[in-house]
Amino acid sequence: MTHLVKHLLDRIEALSESQQDRVVRRFIALLEAAPGADPLPVVAELAAPGDPPLWQAASPEEQARMWTSWVDSHRGGPGIPDEALRRVNLYD
């Protein structure tokens, strides 16, 4: 695991400073979105006032990956009861 982390850090260090900031902001946003995670107040400090929101800056592939990750984090919930799916109850 530490080998993977070192490899990722090496790749991040090879990026420009603005790209590094963008990667760090995305990483922290993903950490915040993780189930059971405490909010990280650092995100507000990292986001530059003129930067577009993450959903605008991310590529379609990144957005799909983040969406799938968010959906997968909500497994095991109570779900929708069967009676809620009956036609009569759909319009209540």
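In the block above lies the structure referred to throughout.
The structure presented is a predicted model; accordingly, all values stated were derived computationally and were not measured.

Scanning the chain from terminus to terminus reveals six helices and zero strands. Secondary structure elements of the chain, listed N to C terminal, follow the sequence α-α-α-α-α-α. For the chain, with 92 residues in total, the buried portion stands at 4%. Considering only contacts within the chain whose residues lie at least 6 apart along the sequence, 32% involve residues at least 24 apart. Of the roughly 8,000 Å² of accessible surface on the chain, 61% is carried by carbon and sulfur atoms.

It is worth spelling out the pattern of salt bridges at this point. One side chain can pair with another of opposite charge once the charged atoms of both are near each other. Taken as a whole, this structure holds two salt bridges when the rule is applied. Between K6 and D10 there is a salt bridge, with its nearest N and O atoms 3.2 Å apart. Taken as a pair, K6 and D10 lie in helix 1 (residues 2–13) at a separation of four residues, close to a single helical turn. You can call D10 partly exposed: its relative accessible area is 39%. A salt bridge links E62 to R26; the shortest N-O distance between them is 2.4 Å. Here R26 lies in helix 2 (residues 17–33) and E62 lies in helix 5 (residues 60–72), a separation of 36 residues in the sequence. Its relative accessible area of 15% is what places R26 among the buried residues.

Topologically, R22 is positioned in helix 2. The exposure class assigned to R22 is partly exposed, which follows from its relative accessible area of 37%. Placed 35 residues apart in sequence, R22 and A57 show a C-alpha to C-alpha distance of 9.2 Å. Apart from residues lying up to four places away in sequence, R22 is in contact with A57 and A58.

Reading the values: the criteria
- Residues numbered from 1 in each chain as written.
- Predicted model: local features only at pLDDT ≥ 70, side-chain atom pairs only at ≥ 80, totals over all residues.
- Heavy atoms only, no water.
- Helix = DSSP H or I, 4+ residues; strand = E, 2+ residues; numbered from the N terminus.
- Buried < 20%, exposed > 50% of the residue type's maximum accessible area, 1.4 Å probe, protein only.
- Contact = heavy atoms within 4.5 Å.
- Areas by Shrake-Rupley, 256 points an atom, 1.4 Å probe, with all protein chains shown as cover.
- Salt bridge = Lys/Arg side-chain N within 4 Å of Asp/Glu carboxyl O.

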